[in-house]
Amino acid sequence: MKILVIGGGGREHALVWKLAQSPRVTKLYCAPGNAGISQQATCVPISADDLPGLQKFAEEERIDLTVVGPEAPLALGIADLFRRNKLKVFGPTKNAARIESSKAFAKDLMLRQKIPTAESQMFESASAAIQYLNSRPVPIVVKADGLAQGKGVVVAQTHEEAREAVLNMLEQHAFGAAGQRVIIEECIQGEELTVMAFADGKTVMPMLAAQDHKRIGEGDTGLNTGGMGAYAPAPLATPALRYTIMREVLYPAIEGLSRVGSPFFGVMYAGVMVKDGVPYVLEFNARFGDPETQVVLPLLKTDLVEVLEAVVEHRLDQLDIEWSDAAAVCVVMSSGGYPGNYSTGVPILGMPDSASSDSVMVFHAGTAWKDDQIVTSGGRVLGVMAVSPSLKQARNRAYETVQVISFDGHYFRKDIANRVLKEREA
Ligand code: AMP
């Protein structure tokens, strides 16, 4: 089978790495890919949002299945385009992907389907937004309505900070069109959890739950990022809580989308905050999470190709998906300055040989080849992942590997998975 993966970050590297393990795969392509991906797939220089270019490539190369990594091509309608042209594609339609591309659409769906979520209001005018937030208690959350790569959310500790975020989005246009509307949302204080599920329009099959670390600073401080590290499975997700999330979040979301004529095929991602046992939805995504995918896929025992095909062919109900009982931890190494400004083109040194261990994998996120050297090309550069029988061993192995890799100005959080390990020890 010939498979094309679209995207070029850590998530796509994890997808390519997992797909390469399938005996069904004869040829793997990735568009555009990155330096790490190029060691496992043929990278083609087509950008993830060049829909006509991707279609032409898939037709010419007779690709059997295209797997869409990032949100942007989904929001542009790549799944619709491919399906219209009889090309098999894993990912939701543009309309179904609105659960991610428009927070307003997602909020409406949640209200209609009675999915627990934070109380919120939407504004296009800064003065109305500020008047509203002044009347609410702090902390309070300000969100850009559209896609902002995980950075369009400010959890403001003071009214001043919240007002600044509103002005930044609505008047300074910090997120362009994505920030033309803002959502002011009640801040829910609890434990965060990511549950991703495969969905084929009718059947929903959850993956192992993971926990991401969204803030740049240790102890969950500082700005929101695309994600600085993750682990799976998250012990917070007891069987009872997983059942609640299925019944109160995932099923109603899938059913609500079908009801408005936008059945969902692909990966539905629910980012929830668990407070007093209730999973409040903070966001839905319409694709695999990054970096959660880097810790969830290594624990998948079933052939990923079988799962993706079952989704595309609407026969997920006939599949048993098996998971390993090991644990995985991924530590993201980023460029100094991220999520603000940072330099690129910095040589990366000490990269371990990927073939030397089957329990440690360095997923590339923002890397490129320059002459014969691998250099940085983005904010999040690498995701160092280890799988071990216990979470503690996985964490230790990931950090041992992080210690041998370096690039000028590199940064990583030293506390990935620490909180849960401390809680368990206590
Ligand atoms: P989102 O992109 O909506 O998931 O928001 C990014 C991050 O901001 C989340 O992972 C949370 O850490 C935080 N966040 C978003 N909404 C809320 C909320 N209503 N209450 C508390 N924290 C939130």
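Residues numbered from 1 in each chain as written. Predicted model: local features only at pLDDT ≥ 70, side-chain atom pairs only at ≥ 80, totals over all residues. Heavy atoms only, no water.

**Q** I tried to follow the nonpolar core on my own but got confused; where do I start?
**A** Within soluble globular proteins, side chains that are nonpolar generally end up buried alongside one another. In this structure, Ile99, Leu193, Leu250, Phe264, Met268, Phe284 and Val329 are the most contacted members of the largest nonpolar core, which totals 79 residues. If you tally residues by element for this core, the top one is helix 9 (residues 239-259), at 8 residues. In this view, Phe284 contacts Ile99, Glu100, Met110, Ile115, Val249, Ala253, Met268, Tyr269 and Ala270; residues no more than four positions away in its chain are not counted. Residues Phe198, Ala210, Val312 and Ala326 belong to the second largest nonpolar core, which totals 51 residues. (Core = buried A, V, L, I, M, F, W, Y, C linked by side-chain atoms within 4.5 Å. Buried < 20%, exposed > 50% of the residue type's maximum accessible area, 1.4 Å probe, protein only. Helix = DSSP H or I, 4+ residues; strand = E, 2+ residues; numbered from the N terminus. Contact = heavy atoms within 4.5 Å.)

**Q** Which parts of the structure should I look at to understand the site of the ligand?
**A** The local shell around the ligand holds 16 residues, among which Glu185, Glu186, Ile188, Glu192 and Glu283 are the closest. Residue Lys143 places a side-chain N or O atom 3.0 Å away from an oxygen atom belonging to the ligand. Take Glu186: an N or O atom from its main chain is 2.9 Å from a nitrogen atom of the ligand. Considered class by class, the residues forming the shell around the ligand number 8 nonpolar, 1 polar and 7 charged. (Near = heavy atom within 4 Å. Polar contact = N/O pair within 3.5 Å; in protein donor to acceptor, adjacent residues only side chain to side chain. Nonpolar A, V, L, I, M, F, W, Y, C, P; charged D, E, K, R; others polar.)

**Q** Explain helix 11 (residues 304-312) here, please?
**A** Along an α-helix, residues three or four positions apart point the same way, because every turn accommodates 3.6 residues. Within helix 11, 8 of the 9 residues are buried, leaving the element largely enclosed by the surrounding structure. If you check which residues of helix 11 are buried, you get Leu304, Val305, Val307, Leu308, Glu309, Ala310, Val311 and Val312. Looking at the buried residues of helix 11, the elements they touch are strand 1 (2-7), helix 1 (10-19), strand 4 (65-68), strand 5 (89-90), strand 10 (191-200) and strand 16 (265-275). Backbone nitrogen of Val305 and a side-chain oxygen of the N-cap are separated by 2.9 Å at the start of helix 11; the cap is Asp303. Positive backbone phi, approximately 55 degrees, marks His314, located one or two places after helix 11.

**Q** Mind showing me how you'd approach the environment of Phe265 here?
**A** Summarising the element assignment, Phe265 is placed in strand 16. Overall, the relative accessible area of 16% leaves Phe265 in the buried class. With residues near it in sequence (within four places) discarded, Phe265 still touches Arg83, Gly91, Pro92, Ala199, Asp200, Gly201, Val311 and His314.

**Q** Is there a simple way to explain the sheet that holds strand 10 in this structure?
**A** In any sheet, the strands associate via hydrogen bonds between backbone groups, in a parallel or an antiparallel arrangement. Read from one edge of the open sheet, 4 strands run 11-10-16-17, paired in antiparallel fashion. Each edge of the open sheet is held by one strand with a lone partner, namely strand 11 (204-206) and strand 17 (278-285). Taking the axes of each pair of neighbouring strands and ignoring which way they run, one obtains an average angle of 35 degrees across the sheet. Of the strand pairs in this sheet, strand 10 and strand 16 are connected by 10 bridges, and their pairing is antiparallel. Residue pairing across strands places Glu192 opposite Met273, the latter belonging to strand 16. Taken strand by strand, helix 11 contacts strand 10 and strand 16, and its axis lies near 70 degrees from that of strand 10. (Pairing = 2+ DSSP bridges. Axes fitted to C-alpha atoms, helices over the stretch in contact; angles between N-to-C directions.)

**Q** When you look at the environment of Val260 in this model, what are you seeing that I'm missing?
**A** Tracing the chain through its elements places Val260 in the loop between helix 9 and strand 16. On the basis of relative accessibility, which here comes to 39%, the residue Val260 falls in the partly exposed class. C-alpha separation for the pair Val260 and Pro239, spaced 21 residues apart in sequence, amounts to 30 Å.

**Q** Mind showing me how you'd approach the packing of helix 12 (residues 391-404) against helix 13 (residues 418-425) here?
**A** Helix packing geometry: the angle between the two helix axes and the distance between the axes. The contact between helix 12 and helix 13 brings their axes to 10 Å, and the two run at 145 degrees. The crossing of helix 12 and helix 13 is left-handed. In this structure, helix 12 uses Leu391, Lys392 and Arg395 to contact helix 13, whose residues at the interface are Asn418, Val420, Leu421, Arg424 and Glu425. Taken together, the residues of the contact of helix 12 with helix 13 sort by class into 3 nonpolar, 1 polar and 4 charged. (Left-handed = near helix turned anticlockwise from the far one by under 90°.)

**Q** Explain the sheet that holds strand 22 (residues 380-388) here, please?
**A** Pairing within the open sheet is antiparallel, and its 5 strands lie in the order 12-15-18-22-19. One side of each edge strand has no neighbouring strand; the edge strands of this open sheet are strand 12 (211-212) and strand 19 (360-364). Pairing of strand 12 with strand 15 (residues 229-232), which is carried by 2 bridges, proceeds in the antiparallel orientation. Looking at the pairing, Asp212 lines up with Ala230 of strand 15. Helix 12 rests against strand 15, strand 18 (327-334), strand 19 and strand 22 of the sheet, and its axis sits at about 30 degrees to strand 18.

This is a description of form; function is not addressed.
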